[in-house]
Amino acid sequence: MANKLIVNGVGNGTFNPEGSVTRAQFAAMLANSLGLRGKAANHYFTDVAADSWYAPYVDAVYKAGLVKGVGEGRFAPEQLITREEMAVLVMRALKFTGQEPSLSSGEAETLTGFADKAAISAWAKQDVAKAVKAGIVKGFTDGTFGASQSSSRAQAVVMITNLLNTIQFN
């Protein structure tokens with residue numbers, strides 16, 4: 001992923017796989033993985049300064065319809081991204097490429113059969129199920145999904161890699 005310029009290290013030649021991922025960092029990963037380019041000027045979110053390193057990425061993913069913000073005209077770029085938020089954004093990316101899987105009646109409940117499925121937000125449940133169906137995301141070995149847990153850098157890269165593999169082979 002680093003060789004493809006999709007993700008960068010954290011300095012000193014390290015990746016820090018267990019480190020956290022912010023919403024801005026994940027927006028950059030999505031934009032880079034899909035080849036989306038944006039402008040530094042951002043008129044969509046009040047908390048994205050035009051001179052911030054992430055402004056062009058947020059602009060690009062916003063224009064592509066992948067992000068909507070957190071409400072009240074904010075993007076919350078420094079907020080840690082959750083696993084369910086990543087699943088939703090990755091499914092929007094798959095839809096953007098025209099390759100979003102469909103779900104049959106009741107399939108969302110089956111695919112989100114995690115021990116903590118009640119903790120998956122209603123607004124994310126369909127996309128989490130689609131991400132599971134597409135093979136983009138899996139739960140943990142203890143049978144949980146960890147919807148509201150912040151994502152590690154390694155988890156984010158796995159989701160982006162699975163997204164790219166899904167796009168490539170469909």
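Residues numbered from 1 in each chain as written. Predicted model: local features only at pLDDT ≥ 70, side-chain atom pairs only at ≥ 80, totals over all residues. Heavy atoms only, no water.

J.: Report on helix 5 (residues 122–133), specifying residues and quantitative values.
T.: Given a rise of 1.5 Å per residue, 12 residues ought to cover 16 Å, and the 18 Å separating the end C-alpha atoms of helix 5 matches this to within 8%. Listing the buried residues of helix 5 in full gives A124, D127, V128, A129, K130 and A131. The positive-phi residue at the C-terminal boundary of helix 5 is G135, with phi of around 80°. (Helix = DSSP H or I, 4+ residues; strand = E, 2+ residues; numbered from the N terminus. Expected span 1.5 Å × (residues − 1). Buried < 20%, exposed > 50% of the residue type's maximum accessible area, 1.4 Å probe, protein only.)

J.: Explain the pattern of salt bridges to me, using residue names and the numbers behind them.
T.: A side chain with one charge can pair with a side chain of the opposite charge if their charged atoms come near. On inspection of all chains with the given rule, the structure shows five salt bridges. Taking the shortest distance from any N to any O, the salt bridge between R74 and D47 comes out at 4.0 Å. Within this pair, whereas R74 is found in the loop between helix 2 (55–63) and helix 3 (83–96), its partner D47 is found in the loop between helix 1 (23–34) and helix 2, the two being separated by 27 residues in sequence. With a shortest N-O distance of 2.8 Å, K130 and E100 are connected by a salt bridge. One end of the pair, K130, is in helix 5; the other, E100, is in the loop between helix 3 and helix 4 (107–111), with 30 residues separating them in the sequence. (Salt bridge = Lys/Arg side-chain N within 4 Å of Asp/Glu carboxyl O.)

J.: Please provide a residue-by-residue account of the packing of aromatic side chains, values included.
T.: Under the counting rule described, the total for this entry stands at six aromatic pairs. Residues F114 and F145 carry aromatic rings whose centres are separated by 5.2 Å and whose planes lie at 35° to one another, so their mutual orientation is tilted. Here F114 is found in the loop between helix 4 and helix 5, whereas its partner F145 is found in the loop between helix 5 and helix 6 (153–169), with 31 residues between them in sequence. For the pair shown, F114 and F145 are each scored as buried. Taken together, the aromatic side chains of Y44, F45, Y62 and F75 make up a single cluster linked through ring pairs. (Phe/Tyr/Trp six-rings, centres within 6.5 Å; stacked < 30°, edge-to-face > 60°.)

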